[in-house]
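Now for the letters of each chain:
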Amino acid sequence: MGAPPIDPEATVAALRAEWAALRALVGEMSDEQFAAASVLPGWSNADIVAHVIGTESILAGRAVPEHDVTGRAHVRNPIGELNEKWIEELRGTDRAELLAAFDAITAERVASLAAMSDEEMAAETMTPAGPDAYARFLRIRVFDCWIHELDLRDGLALAPPDTAGPAAIALDEAAASLPYVLAKRAGVPPGTTVVIGLTGLLEKRLAVEVAERARLVPEAAEPDVELTVDTAEFFRLIGGRRDADPSSVTITGDEGLGRQIVGKLAYTI
């Protein structure tokens with residue numbers, strides 16, 4: 001059993017729904033909330049919106065702006081540099097103008113995605129996770145936008161997102177990376193089965209068997225360790241968010257291994 005196959009139609013629908021949720025949330029912010037520092041190092045709430053605009057602009061074929069972003073502590077890799085160049089380009093943009101840019105690029109992308117064929121969705125492209133189908137990139141975009149809605153809400157002390165459809169697609173993307181995270185980052189030994197049970201917005205159990213090659217498997221009857229965690233908290237942990245709360249995870253089975261896993265779940269850039 002591997003990660004769930006990607007349904008391009010459902011993924012595009014989730015991306016549209018998440019853009020709408022983001023736009024509604026940002027549209028309700030005051031100017032002060034919009035300009036306030038976010039939960040992400042070096043970024044304001046406005047910068048998160050600029051980041052979404054920038055990434056979709058790249059996918060729409062626009063050239064990356066030329067800015068020197070070296071030496072910034074929160075920029076740690078080439079993808080981070082790309083993100084930061086767009087943020088630098090848009091930083092200081094009037095709030096109304098930035099929201100208009102968000103509306104324009106998402107409308108353009110909706111039209112472009114609606115016109116894509118099945119063959120184009122299946123075509124290989126470079127994604128943040130390496131070469132894969134274009135539909136995989138779109139699933140990563142759902143993941144990115146959903147977790148950034150969570151970031152915005154956390155920064156404003158609001159309830160987590162209630163967009164279950166996009167969250168489910170985002171979880172499919174996280175599940176695809178989970179075997180690697182457990183085997184390589186968390187150092188789970190071969191012969192071990194780990195279950196992560198999600199509560200709250202999504203009720204789902206992810207089972208990973210670490211053998212010669214780690215993989216997602218059907219529900220394990222007796223896992224070596226089981227982690228139970230709220231959906232939003234799971235995303236904070238895998239996103240390495242500074243407000244993540246490792247103590248909120250309930251561990252059943254091998255307590256030491258469970259704590260080791262919780263401490264190494266973060267994998268996003």
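Trainee: For this particular structure, what's the right way to read the sheet that holds strand β5 (residues 215-217)?
Mentor: Within a sheet, each strand pairs with its neighbour through backbone hydrogen bonds, oriented either parallel or antiparallel. Sheet architecture is open: five strands sit in the order β5-β4-β3-β6-β7, paired in mixed fashion. Of all strands in the sheet, those bounded by a partner on one side alone are β5 and β7 (250-253). Within the sheet, the average angular offset between the axes of one strand and its neighbour, ignoring direction, is 25°. As defined by bridge partners, strand β3 (residues 192-199) adjoins strand β4 (residues 204-210) across seven bridges and the pair is classed as antiparallel. Paired with leucine 198 across the bridge in β4 is lysine 204. Each of β3 and β6 (225-230) touches helix α9 (residues 231-238); the most contacted strand, β6, lies at about 110° to it. Across the sheet, helix α10 (residues 255-262) lies against β3, β6 and β7, angled at about 45° from β6, the strand it touches most.

Trainee: When you look at the nonpolar core in this model, what are you seeing that I'm missing?
Mentor: Most often, soluble globular proteins keep nonpolar side chains buried together rather than apart. In terms of nonpolar packing, the biggest core is built from 37 residues, with Ile196, Phe234, Phe235, Ile261 and Leu265 touching the most fellow members. Of all the elements in the fold, those that place two or more residues in this core are α7 (134-155), α8 (164-185), β3, β4, β6, α9 and α10. By residue number, the principal contributor to this core is α8, which donates eight residues. Ignoring anything within four residues of it in the chain, the contact list for phenylalanine 234 reads Leu171, Ala174, Ile196, Leu198 and Val229. In terms of nonpolar packing, the next biggest core, distinct from the first, is built from 33 residues, Val39, Leu40, Ile87 and Tyr134 among them.

Parameters at a glance
- Residues numbered from 1 in each chain as written.
- Predicted model: local features only at pLDDT ≥ 70, side-chain atom pairs only at ≥ 80, totals over all residues.
- Heavy atoms only, no water.
- Pairing = 2+ DSSP bridges.
- Helix = DSSP H or I, 4+ residues; strand = E, 2+ residues; numbered from the N terminus.
- Axes fitted to C-alpha atoms, helices over the stretch in contact; angles between N-to-C directions.
- Contact = heavy atoms within 4.5 Å.
- Core = buried A, V, L, I, M, F, W, Y, C linked by side-chain atoms within 4.5 Å.
- Buried < 20%, exposed > 50% of the residue type's maximum accessible area, 1.4 Å probe, protein only.

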